[in-house]
Amino acid sequence: METLGTFKDVETATRAVEGLIKTGFPEETITSLTSASYPDGVIVKTDQRTWFRWAAVGGGIFGACSGFLLAAGTAWLYPVQTGDKPIIAFYPTGIVTYELTMLFAILGTIVGMFLEMGIPPWSARPYDPAISEGNIGISVSVDSREQMVRAGKIMEAAGALSIRH
Amino acid sequence: MSEHTLAAKSAGQLNDEMLSSMRPPTWRWYGLAFFLGAVVAWGISAFTYQMMTDLSVTGLDRPVMWGIYIANFVFWVGLSHSGTMVSAILRLSQANWRRPILRAAEAMTVFSITVAGLFPVIHLGRNWVVYFFLPYPNQRGLWPNFRSPLLWDATAITTYIIGSSLFLYLGMLPDLAVVRDRAAGWRKKIYAVLAMGWRGTAREWVVFRQASTLMAALIIPVAVSVHSIVAWDFAVTVIPGWHSTIFPPYFVIGAITSGVAAVITLMIIIRRVFHLEEYLTPLHFDNMGKLLLVICLLWSYAYFVEVQTTWYAHEPIEWEVWSFMSGKYTPLLILMLIGNSVLPIAGLCFKKVRRSVKAMLVITLLVNVGMFIERYLIIVPSLSHKNMPFVWGTYSPSWVELSVTAAAFAGFTLMYVLFAKFFPMVAVTDVRELGVRHTDISLGRAKVHSLTEEK
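Treat the numbers as computed from the prediction; the structure is a model and nothing was measured.

(A) Looking closely at the overall build of chain B. A tally of helices and strands in chain B yields 16 helices and 2 strands. For chain B, whose C-alpha radius of gyration is 24 Å, the value lies close to the compact-globule estimate of 23 Å for 455 residues. In chain B, buried positions account for 46% of the 455 residues. If you take every contact in chain B between residues at least 6 apart in sequence, the share linking residues at least 24 apart comes to 82%.

(B) Quick peek at the overall build of chain A. A tally of helices and strands in chain A yields 4 helices and 4 strands. Taken from N to C terminus, the helices and strands of chain A fall in the order β-α-β-α-α-β-α-β. Taking 165 residues into account, the globule formula puts the C-alpha radius of gyration at 15 Å, and chain A, at 25 Å, lies well above it. By principal-axis analysis of the C-alpha atoms, chain A measures approximately 85 × 30 × 25 Å. By the burial criterion, 42% of the 165 residues in chain A qualify as buried. For chain A, restricting intrachain contacts to residue pairs at least 6 apart in sequence, the fraction spanning at least 24 positions comes to 79%.

(C) Expanded view of the packing of helix α11 (residues 316-328) of chain B against helix α14 (residues 357-384) of chain B. Residues and elements named next belong to chain B. The N-to-C vectors of α11 and α14 enclose an angle of 120 degrees; their axes lie 9 Å apart at closest approach. The orientation of α11 with respect to α14, classified from their angle, is oblique. In the crossing of α11 with α14, the sense of the turn from one axis to the other is right-handed. Side by side, α11 and α14 meet where Val321, Phe324 and Met325 of the first sit next to Leu377, Pro381, Ser382 and Ser384 of the second.

(D) Local environment of unusual backbone geometry. Here the bond from Ile119(A) into Pro120(A) is cis, since omega is -5 degrees, no more than 30 degrees from zero. Residue position: Pro120(A) is located in the loop between α3 (90-117) and β3 (136-141). With a phi close to 55 degrees, His314(B) is a non-glycine residue in the positive phi region. Of note, His314(B) is situated in the loop between α10 (282-313) and α11.

(E) Region of interest: the sheet that holds strand β2 (residues 30-33) of chain A. Residues and elements named next belong to chain A. The 4 strands are arranged β2-β3-β1-β4 in an open sheet whose pairing can be described as antiparallel. Single-partner strands in this sheet number two, and they are β2 and β4 (162-164). Each strand axis lies, on average, 20 degrees off the axis of its neighbour in the sheet, ignoring direction. Contacting β1 (2-7), β2 and β3, helix α1 (residues 10-22) runs over the sheet at an angle of about 15 degrees to β3.

(F) Fine view of the interface of chain B and chain A. Residue-level contacts link 52 residues of chain B with 49 residues of chain A. Listed by contribution, the elements that provide at least two residues to the side of chain B that touches chain A are α2 (11-18), α6 (149-182), α8 (202-235) and α16 (428-437) of chain B. Looking at the side of chain B that touches chain A, the element that brings in the most residues is α8(B), giving 16 residues. Per-class residue counts for the side of chain B that touches chain A are 27 nonpolar, 14 polar and 11 charged.

(G) Inspection of helix α12 (residues 330-348) of chain B at higher detail. All names here are of chain B. Between its first and last C-alpha atoms α12 spans 25 Å; for 19 residues at 1.5 Å apiece the expected length is 27 Å, and the two agree. The sharpest bend along α12 reaches about 45 degrees and sits at Ile338. Among all positions in α12, only Met336, Gly339, Asn340, Ser341, Pro344, Gly347 and Leu348 are buried.

(H) Summary view of the nonpolar core. Ranked by size, the top nonpolar core spans 165 residues in total, and within it Ala16(A), Val260(B), Val263(B) and Leu292(B) carry the most contacts. At 18 residues, the largest contribution of residues to this core is made by α8(B). With near-sequence residues (within four places) excluded, Leu292(B) lies in contact with Val260(B), Ala261(B), Ile264(B), Pro344(B) and Leu348(B).

(I) Expanded view of the environment of Arg271(B). Residue and element names in this part refer to chain B. Tracing the backbone through its elements, the reader meets Arg271 in helix α9 (residues 247-273). Distance in space between the C-alpha atoms of Arg271 and Arg209 is 27 Å, their sequence separation being 62 residues. When neighbours within four sequence positions are excluded, Arg271 is seen to be in contact with Leu276, Glu277 and Leu280.

(J) View of the packing of α1(A) against helix α4 (residues 145-158) of chain A. All names here are of chain A. Where α1 contacts α4, the two axes come as close as 8 Å, and the packing angle between them is 145 degrees. Handedness of the α1/α4 crossing: right-handed. Contact residues: Thr12, Arg15, Ala16, Gly19 and Leu20 in α1; Ala151, Ile154, Met155, Ala157 and Ala158 in α4. For the contact of α1 with α4, the residue count by class is 7 nonpolar, 2 polar and 1 charged.

(K) Spatial organisation of the confidence of the model for chain B. All names here are of chain B. Model confidence for chain B is summarised by a mean pLDDT of 87, while 97% of its residues fall at 70 or above. Per-residue pLDDT, averaged within each element of chain B, yields its smallest value for helix α1 (residues 3-8) (60) and its largest for helix α3 (residues 27-52) (95). For this predicted complex, the interface confidence comes out at an ipTM of 0.92, alongside a pTM of 0.89.

(L) Geometry of helix α5 (residues 102-123) of chain B. The first and last C-alpha atoms of α5(B) sit 32 Å apart over 22 residues, in line with the 32 Å expected at 1.5 Å per residue. The buried fraction of α5(B) amounts to 17 of the 22 residues, a majority that puts the element mostly inside the structure.

(M) Main features of the domain arrangement of chain A. Domain assignment breaks chain A into domain 1 (2-48 + 131-164) and domain 2 (52-117). Taken over C-alpha atoms, the centre of domain 1 of chain A sits 46 Å from the centre of domain 2 of chain A.

(N) Examining the pairing of β1(A) more closely. Residue and element names in this part refer to chain A. Counted residue by residue, β1 has 5 buried out of 6 residues, so it is predominantly covered. Two strands pair when backbone bridges link them, and β1 and β3 are joined in this way by 6 bridges, in the antiparallel orientation. Considered in β3, the bridge of Glu2 is made with Ser141.

(O) Expanded view of the environment of Met148(A). Residue and element names in this part refer to chain A. By secondary structure assignment, the location of Met148 is in helix α4. In this structure, the C-alpha to C-alpha distance between Met148 and Gly59, residues 89 residues apart in sequence, is 41 Å. Setting aside its immediate chain neighbours within four residues, Met148 contacts Met1, Thr3, Val142 and His165.

(P) Representation of the confidence of the model for chain A. Summarising the model, chain A shows a mean pLDDT of 89, and 100% of its residues fall at 70 or more. In the model of chain A, β4(A) stands out as the element of lowest mean pLDDT, 85, in contrast to α3(A), which has the highest, 94.

(Q) View of the environment of Ser382(B). Residues and elements named next belong to chain B. Tracing the chain through its elements places Ser382 in helix α14. For Ser382, a count of 25 C-beta atoms within 10 Å corresponds to the buried category. When the C-alpha atoms of Ser382 and Val321 are compared, they prove to be 5.8 Å apart, with 61 residues separating the residues in sequence. Once residues lying within four places of it in the same chain are set aside, the contact partners of Ser382 are Ile239, Pro240, Gly241, Trp242 and Val321.

Each value, and the rule that gives it
Residues numbered from 1 in each chain as written. Chains lettered and ligands numbered in written order. Predicted model: local features only at pLDDT ≥ 70, side-chain atom pairs only at ≥ 80, totals over all residues. Helix = DSSP H or I, 4+ residues; strand = E, 2+ residues; numbered from the N terminus. Rg over C-alpha atoms; globule rule 2.2 N^0.38 Å. Buried ≥ 20, exposed ≤ 12 C-beta atoms within 10 Å, placed from the backbone. Contact = placed C-beta atoms within 7 Å. Axes fitted to C-alpha atoms, helices over the stretch in contact; angles between N-to-C directions. Parallel < 35°, antiparallel > 145°, perpendicular 65-115°, else oblique. Left-handed = near helix turned anticlockwise from the far one by under 90°. Pairing = 2+ DSSP bridges. Nonpolar A, V, L, I, M, F, W, Y, C, P; charged D, E, K, R; others polar. Expected span 1.5 Å × (residues − 1). Bend = angle between axes of the 7 residues up to and from the residue. Core = buried A, V, L, I, M, F, W, Y, C linked by C-beta atoms within 7 Å. pLDDT = per-residue confidence, 0-100. Domains from an automatic or database assignment.

Dropping the structure here:
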């Protein structure tokens, strides 16, 4: 469950974040929703470590193997006999391997990025379209109805324009 | 637009201004789209006529079997080069002035590589068997031969089309969410799907920034490889004038020249049409002008090296090709040298010229005219005068080829016009980020602008 408060500006939003932390909500359960990227720590602190790069590496390795198998395998299965030339030529095999490595590394990056972001979401999550117009959203993950009400009250006291669950 | 002005405007106001291209179309827009569509339709009919008849309706004949179609292919691949590359380099170097330019550049890449990819297919004698290119099990026992440079092209262009489309989409993701939140009805549903449920959480922004940087780093080597491979189409042959080690870097430099010039031309058009004067300022033209100046100097150096080596060695057949080209195509050669070298180098040295929108429009258009000529002069003279004098010949494009060429330019413009109506032409959230990161701080006796960067 999630409670989302929408604020007019950064000042009121940060007041809400401080209020939530003071009343016992762990900082890692609080996040900001903004339509422009703010430097880390201005509104909330976020873990900067990511793992999606490994998806890019995995994609690259998969692409390299596929590219090599495609070009070298083709040459091996359908040999073109040319005097004094290798059946599996280095140049074309290298090019096809390189291109497929890059292609799958790019695809791995995109897929990994979406997986790490958790989008598209499996279920509906609270959101306010006013965030696109410059308002700041503060969202907190809650475990119970009591916490939800408490979070809502803190955000209202800090100056929230609206509260959504 | 300065960071100061950005900070002074509300987010809603900035959204309104930067999304102005997506307002309901006017009759002028419909007129332009109809005209471009008509030119494309004319080109398609010419191509259909070619397909129904045969290649005899083109100017192609022995010994010149690569003509304006392949010149088009090389030109459009070159044009596609810089969009993504400029955007990627500016992203990696965190140049803040890049922000309003990115989208125009990235979209240009996707559309020009799409047009480029059509030309090898158009050029085929039997276009309907183009699927023979695809490696899939079949009863005919056919399998693509990867020793052919054309297969390298097909592989590289596929990678580049997919990579640059994803690069464009990735950069647009937060903007699509803004458009989704402002749209209504069926449009809202479509943008909601495209925005993939983006909400702009702090975590999403962290991953997004890192993914943008990684994609930029991955796309640059792909861009370089694509044009190097196109150069190898020529350089790995033994045709005089083509068999040259400098071709891949020379092609890459030419591609960047052409692409940077096209990005500037598009910036000028977008600025004027969508009234984005506050976002695409003289500073942007000044910086892009400096970049173009450096690239034109490099191109001139590469061209000089290529010509002086041929001249000094005076190898008979190489010299014959050069003499034939400079003799038969003198006006085109002079126009190319003026457009790609003399005019940009002489003009762009001056700040006043770089900051003049009109001067930049003239220079950048001439650069691309010069670049198209350069592609033509690389292909046709070498094939006209190959090693055996008894098969020397000439080539001039037929109305069919010229119609298809006109359709390519119209098709590219049409795709751009449609894109501008349905997607943000300026990276809205990227530009707005400058505003939220800007602050004035006191330093000694003065107040100075300060911009927060990530650690």
